[in-house]
Amino acid sequence: MAGQSDPHLSIFSPSEVEFVAEDEIVEIVPNIRMEALNMICGDFGPFFPQIASKVPLWLAVALKKRGKCTIRTPDWMTVDRLTQVLDAERESPKEFQPLPFHYIEISKLLFDHARDDISDAYLVRSLIEDIRDVRFHKVETGLETISGRTHAVKCM
Amino acid sequence: MSSWEDDDSAAAAAAAAAASTDVELLKRAWRNEKASPEILRFDSPLVSRVREQIQLLEETLDDFGESGVDDLVVSLYQMDLDRTLFLLRSYLRLRLQKIEKYMMHISKSEDLLSRLSQQEQRFAKSCTEMMEKHLEQSVLSKLPYGYDSVTRQSLSSTEDDMVPEPQLDTFVFCKTKSDVGAFQLDDIGEEVVDLVADDLYVLRYKSIKGLVESGQIDLI
């Protein structure tokens, strides 16, 4: 993301950011029995029907696509929590509220693949978009303060 | 007392190492490499460990095909393999792009050369030779005396002013992994920033270079 002369080398493309976000851990409830998976990126399972298990997002989406599990909405992705966050974001112009680093990508992946597992999906989506707008605005005003003499800007 | 503390910190370090898998480490290296303007040190042991794991998984997948394991399980392992392969390829390719861009600059300095793997050093060397030969044949040999150097504009140049160099004072986004404490950003000590764990900052790359190399800070 750094400002370099060659943007192709330095900027993370949206698909690369999504790739990174797919490693975030989510909770799934499988409906099948499956042996433990010993993968390069870690060990997951064993899986039993109706017993929650923690897996990376890409694995959850893969299972979901095949109808083998439901994905539990993360705690922060509920209407209550997001409304609180949005209010707090609007109240304090200098501070950011705690949210997962990849909240935009995680929520997008969940909306694309596990819409039926999210309660009040429509509301949650518009809340996340509002939060994003408020935050982007803050970041932009923050970056405007950078001048030739600036050495450091704290983002959060 | 001191040995007890040493044991403690050694145990903590071991726990931290065990907590992050090789893929995690490779991902960090890939991210840092992507965001930093200059080429970073190549972690040969890490890359060869990841290569071994990839090979092992490829063999396991072949065995699966023969022994008739559930298709679902096979496809999940395949995805895991593809993701790791993508990461490794992207990392290596990224480094090659950087080497191509700054090959002359890298070839000049022993310190920069030592950051490359052996294959990368060979690549940088042959690339530089080819480029020099090409420029020599197509342009430089037709220019008058005094203007025929690959690295300098003319004889009156006091330094190599035709070699592309990475911009080290560009701003980078970074995330601290642990408390660094008050950190001095410039040579004269006018700008001091308190780096707290897990915070995001926008800083000049030059000032935090050392922290990136020692692994106390991650670029994003």
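Residues numbered from 1 in each chain as written. Chains lettered and ligands numbered in written order. Predicted model: local features only at pLDDT ≥ 70, side-chain atom pairs only at ≥ 80, totals over all residues.

Threshold: UniProt positions are given in the numbering used here, feature names are shortened, and annotations may be inferred rather than shown by experiment.
Under the annotation held in an unreviewed UniProt entry, chain B carries the name DNA replication complex GINS protein SLD5 and is attributed to Oryza sativa subsp. japonica. Listed in UniProt under the heading Function (unreviewed entry), the comment for chain B reads: "The GINS complex plays an essential role in the initiation of DNA replication."

If you check an unreviewed UniProt entry, chain A appears there as DNA replication complex GINS protein PSF2 from Oryza glumipatula. For chain A, the Subcellular location (unreviewed entry) comment in UniProt is given as "Nucleus". Under the UniProt heading Sequence similarities (unreviewed entry), the note attached to chain A is "Belongs to the GINS2/PSF2 family."

### Description of the sheet that holds strand 5 (residues 69-72) of chain A
In a beta sheet, neighbouring strands pair by backbone hydrogen bonds and run either parallel or antiparallel. Residue and element names in this part refer to chain A. For the record, the criterion: We call two strands paired when DSSP finds no fewer than two bridges between them. Runs of H or I in DSSP of at least four residues are treated as helices and runs of E of at least two as strands, each being numbered from the N terminus. To obtain an axis, a line is fitted to C-alpha atoms, over the contacting stretch when the element is a helix, and the angle between two such axes runs from 0 to 180 degrees between their N-to-C directions.
In spatial order, the strands read 4-1-5; together these three strands make up an open sheet with antiparallel pairing. Sheet topology places strand 4 (53-56) and strand 5 at the edges, where each strand pairs with a single neighbour. Here the average twist between neighbouring strands, direction ignored, is 45 degrees. Two strands pair when backbone bridges link them, and strand 1 (residues 25-30) and strand 5 are joined in this way by four bridges, in the antiparallel orientation. The partner of glutamate 27 across the bridge, within strand 5, is arginine 72.

### Observations regarding the packing of helix 2 (residues 22-35) of chain B against helix 3 (residues 44-67) of chain B
Residues and elements named next belong to chain B. The line we're drawing: The scheme is simple: roughly parallel for angles under 35 degrees, roughly antiparallel for over 145, roughly perpendicular for 65 to 115, oblique for anything else. For any pair of crossing helices, the crossing counts as left-handed if the nearer helix is rotated counterclockwise from the farther one by less than a right angle, and right-handed if it is rotated clockwise. Here, residues touch in the contact sense if the C-beta positions derived from the backbone fall within 7 Å of one another. By the convention adopted, Pro, Cys, Tyr, Trp, Phe, Met, Ile, Leu, Val and Ala count as nonpolar, Lys, Arg, Asp and Glu as charged, and the other residues, Gly among them, as polar.
Axis separation between helix 2 and helix 3 bottoms out at 10 Å; the angle between their running directions is 130 degrees. Taken together, the axes of helix 2 and helix 3 lie oblique to each other. Seen from above, helix 2 lies across helix 3 with left-handed handedness. Of helix 3, the residues touching helix 2 (which contributes Asp22, Val23, Leu25, Leu26 and Ala29) are Leu46, Arg49, Val50 and Gln53. Residue composition of the contact of helix 2 with helix 3, grouped by class: six nonpolar, one polar and two charged.

### Some details on the domain arrangement of chain A
One frequently used descriptor of interface size is the decrease in accessible area upon assembly of the parts. Residue and element names in this part refer to chain A. As a reminder of what qualifies: As annotated, the domain borders come from an automatic or database domain assignment.
The assigned domain composition of chain A is domain 1 (24-72) and domain 2 (73-156). One C-alpha centre belongs to domain 1, the other to domain 2, and the line joining them spans 27 Å. Considering each element in turn, the side of domain 1 that touches domain 2 owes the most residues, four residues, to helix 3 (residues 57-65). When its residues are assigned to classes, the side of domain 1 that touches domain 2 shows four nonpolar, one polar and four charged.

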